[in-house]
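The lines below spell out each chain.
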Amino acid sequence: VTMRVRLLAKTAEYSVTCDRAIIPPWGTLGGASAAPICNTAESPGSPTIAFQLGKVSSYPMVKGDQITLRAAGGGGYGDPLDREPTDVADDITDGYVSTTQAAEQYGVVMVDGVPDEPATLQRRAALRAHRIHGIVSPSDTLAYTGIQASHRIQRLAPSMFERLGLVEGDLIELVSPAGSPVRAWVRLDANLKDDELPLDELGRTLLQAAVGTPIQIRVPVTFNSANDVLVREGRTRVIAGANSAVV
């Protein structure tokens, strides 16, 4: 759900409080995470401003400025490549997904309004082969940091950073087929092997994974973070609040 408001008065102030602006709603049993809240302000002739924390207090606006607030979605349930193609076709009919999204996210290829079974099997096999996995290794390194040790840190090799398109501090998900994914912020470790995934005992327990187990690593959809591609390309500026410095 997306709401856009354009200011018609001379001046105004904008305030909002919302959650899931950086950390998206998670899926379970292999389901993908949803898109998070996206909260932006646009002024004619200026770059789009993204409010990083999803919380804004008294942001100044002038006539012609536009605020866009897109609500977060809901996380998926089960591996999307296992969803019945006919159910995906129904989702297209109901307007939940497009034919492009059906092919990219569910691996369902539509022809003349119905799933093409051979093409769907081929597409799903290709998507599965494209998934990136790390091999679990034991780790005694402290896995949590930050305020109240609330941020889980995952060390990865430089080659894994490159394969996943990561930069330092990006959020990743370690996919569990038996529950919700384990989320962590990445740090580069040049001492690791290419596909090594060091996990402490808690991480292995949460994922129900023994040493040597391959675990899928994926990058959830995120907006408004300093590592967002639009931010890195200079097309979006990120601020933590109405009176904060641009980061």
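Basis of the calculations
Just so you know, the residues in each chain are numbered from 1, in the order the chain's sequence is written. Local features in this predicted model are restricted to residues whose pLDDT is 70 or higher, and side-chain atom pairs enter the listing and the counts only when it is 80 or higher, whereas totals over whole chains, interfaces and linings include all residues. The side-chain quantities take in all heavy atoms of the structure and omit both hydrogens and water. Note on conventions: DSSP H or I runs of at least 4 residues are helices, E runs of at least 2 residues are strands, and numbering of each starts at the N terminus. Burial classes follow relative accessibility: with a 1.4 Å probe on protein chains only, a residue under 20% of its type's maximum area counts as buried, one over 50% as exposed, and anything between as partly exposed. N or O atoms closer than or at 3.5 Å make up a polar contact, with two conditions inside protein: a donor-capable atom paired with an acceptor-capable one, and, for residues adjacent in sequence, both atoms drawn from side chains. The contact criterion used is simple: two residues touch if any of their non-hydrogen atoms lie within 4.5 Å.

(A) The arrangement of the environment of Ala-157 in detail. Topologically, Ala-157 is positioned in the loop between β11 (151-156) and α4 (158-164). Judged by relative accessible area, which is 0%, Ala-157 ranks as buried.

(B) Region of interest: the environment of Ile-172. Assignment of secondary structure puts Ile-172 in strand β12 (residues 171-174). A residue is classified by how much of its surface remains accessible, and Ile-172, at 0% relative accessible area, is buried. Between the C-alpha atom of Ile-172 and that of Arg-183, which follows or precedes it by eleven residues, the distance is 5.7 Å.

(C) Spotlight on the side chain of Glu-173. Secondary-structure assignment places Glu-173 in strand β12. A distance of 2.9 Å separates polar atoms of two side chains, one belonging to Glu-173 and the other to Arg-183. A polar side-chain atom of Glu-173 sits 2.8 Å from a polar atom in the side chain of Arg-218. If near-sequence neighbours (up to four positions away) are discounted, Glu-173 is found in contact with Ser-33, Pro-181, Val-182, Arg-183, Gln-216, Ile-217, Arg-218 and Pro-220.

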